[in-house]
Amino acid sequence: MKITLSGTRGSVGRAGPETMAYGGDTSCVLVTADDGSTLVLDAGSGIRRLNNDFSLSPDRIDILLTHLHMDHIQGLGFFKPIFDPNSEVNLWGPVSSTMNLADRLGRYLSPPLFPVRLRDLPRVGVRDVRPGSFDIGPFSITTDLVMHPGPTLGFRIEADGASIAYLPDHEPALGSDEFPKAPEWTSGYDLSRGVDLLVHDFQYTEAEYPSRQGWGHSSVAQAVAFATQVGAGRLVTFHHDPDHDDATLDEVHDIDTGFELIPGRAGLTIEA
């Protein structure tokens, strides 16, 4: 199993010469099993990079949405397969106590925000996801709610004897004077325990975090502490702040972690 990072930026895209190394597109990751089966994680602007990816089967494409903030769904309307009557596209996302997923996504995919309505797309299915486990092809998927404003899911994906945890927007240290504490009080712990590859929120520096506490994101030190606590084999950094240019991100990655730290750069492919 391998992952390809199609968009690694958080909150809002940032394109320009100062973000060429890490990329300016927002959250999207392609997961590929050994047999060629694929999953798409989130549909930020980075999903446009997959429009001409011939590893995606035209027969069925499954997109797992962690939550519905714009930086995770804004690429949906620009993903060509949703307009193709020969492609079955399934959107999986967090259940809500107030509206179903189709109605919530329809707020974006409808005028005045978008010219085409979700209900008019030819072969798009929408599936509400509750915490638990399910299979898609060779992938065994476990999901649970994690600490981030609004219903937000984290995903653990297992296939081919490898495991990946995807927690792109996550604030496990919220409400804790010292982090980490006991595993049973740590958001995302069970999803991430012992994974080979952890893709995790890496948005704030230590100086930035205090004024942004409660916004649903991790500082660099918190992300490293979380990866250490769960015993992740490798940490892939993700959801880079739009205020962080390439030089800043090079600087924040210059730390000693005791395990392999992989800077999340758009276009990077990693074997799990």
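Residues numbered from 1 in each chain as written. Predicted model: local features only at pLDDT ≥ 70, side-chain atom pairs only at ≥ 80, totals over all residues. Heavy atoms only, no water.

Visitor: Where do I start with the overall build of the protein chain in this structure?
Guide: When its secondary structure is counted, the protein chain shows 5 helices and 14 strands. Taken along the three principal axes of its C-alpha coordinates, the protein chain extends 50 × 40 × 35 Å. In the protein chain, the proportion of contacts linking residues at least 24 apart, taken out of those at least 6 apart, comes to 67%. For the protein chain, the accessible area works out to roughly 11,500 Å², and carbon and sulfur atoms hold 49% of it. In the protein chain, 20 side chains carry a positive charge and 38 a negative one; their mean positions are 8 Å apart. (Helix = DSSP H or I, 4+ residues; strand = E, 2+ residues; numbered from the N terminus. Contact = heavy atoms within 4.5 Å. Areas by Shrake-Rupley, 256 points an atom, 1.4 Å probe, with all protein chains shown as cover. Lys, Arg positive; Asp, Glu negative; His and termini not counted. Charge placed at Lys NZ, Arg CZ, Asp CG, Glu CD.)

Visitor: I tried to follow the side chain of Thr237 on my own but got confused; where do I start?
Guide: Within the element layout of this structure, Thr237 appears in strand S12 (residues 234–238). Within the structure, Thr237 has its side chain in polar contact with the backbone nitrogen of Gly264 (distance 2.9 Å). Excluding anything up to four places from it in sequence, Thr237 contacts His200, Phe202, His253, Leu261, Ile262, Pro263 and Gly264. (Polar contact = N/O pair within 3.5 Å; in protein donor to acceptor, adjacent residues only side chain to side chain.)

Visitor: When you look at the sheet that holds strand S9 (residues 153–159) in this model, what are you seeing that I'm missing?
Guide: What links the strands of a sheet is backbone hydrogen bonding, and the strands pair in either a parallel or an antiparallel sense. Pairing in this open sheet of 7 strands is mixed, and the strands run S7-S8-S9-S10-S11-S12-S13 from one edge to the other. Edge positions in the sheet fall to strand S7 (132–136) and strand S13 (260–262), since each of these pairs with one other strand and no more. Averaged over all pairs of adjacent strands, the angle between their axes in this sheet comes to 20°, without regard to strand direction. For S9 and strand S10 (residues 162–167), the ladder comprises 5 bridges, and the chain directions are antiparallel. (Pairing = 2+ DSSP bridges. Axes fitted to C-alpha atoms, helices over the stretch in contact; angles between N-to-C directions.)

Visitor: Can you help me understand the pattern of salt bridges in this one?
Guide: Pairs can form between side chains of opposite charge once their charged atoms are near each other. Throughout the structure, instances matching the rule amount to 5 salt bridges. The residue Arg156 makes a salt bridge to Glu158 at a minimum N-O spacing of 3.9 Å. By relative accessible area, Arg156 is classed as buried at 12%. Between Arg265 and Asp250 there is a salt bridge, and its shortest N-O distance comes to 3.5 Å. Of this pair, Arg265 sits in the loop between S13 and strand S14 (269–271) while Asp250 sits in helix H5 (residues 246–252), and the two are 15 residues apart along the sequence. (Salt bridge = Lys/Arg side-chain N within 4 Å of Asp/Glu carboxyl O. Buried < 20%, exposed > 50% of the residue type's maximum accessible area, 1.4 Å probe, protein only.)

Visitor: Explanation requested: the pairing of S7 in the structure shown.
Guide: Put simply, side chains in a regular strand alternate between the two faces of the sheet. The sheet contact formed by S7 and strand S8 (residues 139–145) spans 5 bridges and is antiparallel. Looking across to S8, one finds that Asp135 is bridged to Ser140.

Visitor: I would appreciate a short explanation of the pairing of strand S6 (residues 124–129) in the present structure.
Guide: Of the pairings in the sheet, the one linking strand S5 (residues 88–94) to S6 comprises 6 bridges and is parallel in character. Directly across from Val89, in S6, lies its bridge partner Val124. In the classification by handedness, the crossover that spans S5, the intervening helix H2 (residues 101–106) and the parallel S6 is right-handed. (Right-handed = clockwise from strand over helix to strand, strands pointing away.)

Visitor: I keep staring at the layout of surface pockets and nothing clicks. Help me out?
Guide: Empty pockets left among the atoms are what a rolling probe the size of a water molecule brings to light. In this model, the largest pocket occupies a volume close to 200 Å³. Considering the residues around the largest pocket, the lining is formed by 13 residues, among which Asp144, Gly188, Tyr189, Asp190 and Leu191 are closest to the centre. Of all the secondary-structure elements, those providing two or more residues to the lining of the largest pocket are S8 and helix H3 (189–192). The greatest single-element share of the lining of the largest pocket, amounting to 4 residues, is contributed by S8. When grouped by side-chain class, the residues that make up the lining of the largest pocket number 4 nonpolar, 5 polar and 4 charged. For the second largest pocket, the calculated volume is near 160 Å³. Looking at the lining of the second largest pocket residue by residue, the class counts come to 6 nonpolar, 4 polar and 3 charged. (1 Å grid on protein atoms, 1.4 Å probe; cavity = no way out; pocket = protein on both sides within 12 Å on 5 of 7 lines; lining within 4 Å. Points joined across faces, edges and corners; volume = space filled by probe spheres on them. Nonpolar A, V, L, I, M, F, W, Y, C, P; charged D, E, K, R; others polar.)

Visitor: Teacher, can you tell me more about the packing of aromatic side chains here?
Guide: Both the distance between ring centres and the angle between the ring planes are used here to describe each pair of aromatic rings. Scanning the entire structure with this criterion turns up 4 aromatic pairs. An angle of 90° between the planes, with centres 5.6 Å apart, marks the rings of Phe78 and Phe114 as edge-to-face. Note that Phe78 is positioned in the loop between helix H1 (70–73) and S5 and Phe114 in the loop between H2 and S6, a separation of 36 residues in sequence. Residue class for Phe78 comes out partly exposed when judged on its relative accessible area of 44%. By relative accessible area, Phe114 is classed as buried at 9%. Taken together, the ring pairs in this structure connect Phe78, Tyr108 and Phe114 into an aromatic cluster. When the ring centre of Tyr22 is taken as reference, the NZ or CZ atom of Arg265 above it lies at 4.2 Å. (Phe/Tyr/Trp six-rings, centres within 6.5 Å; stacked < 30°, edge-to-face > 60°. Lys NZ or Arg CZ within 6 Å of the ring centre and 35° of its normal.)

Purely geometric stuff here, so don't read any function into it on its own.
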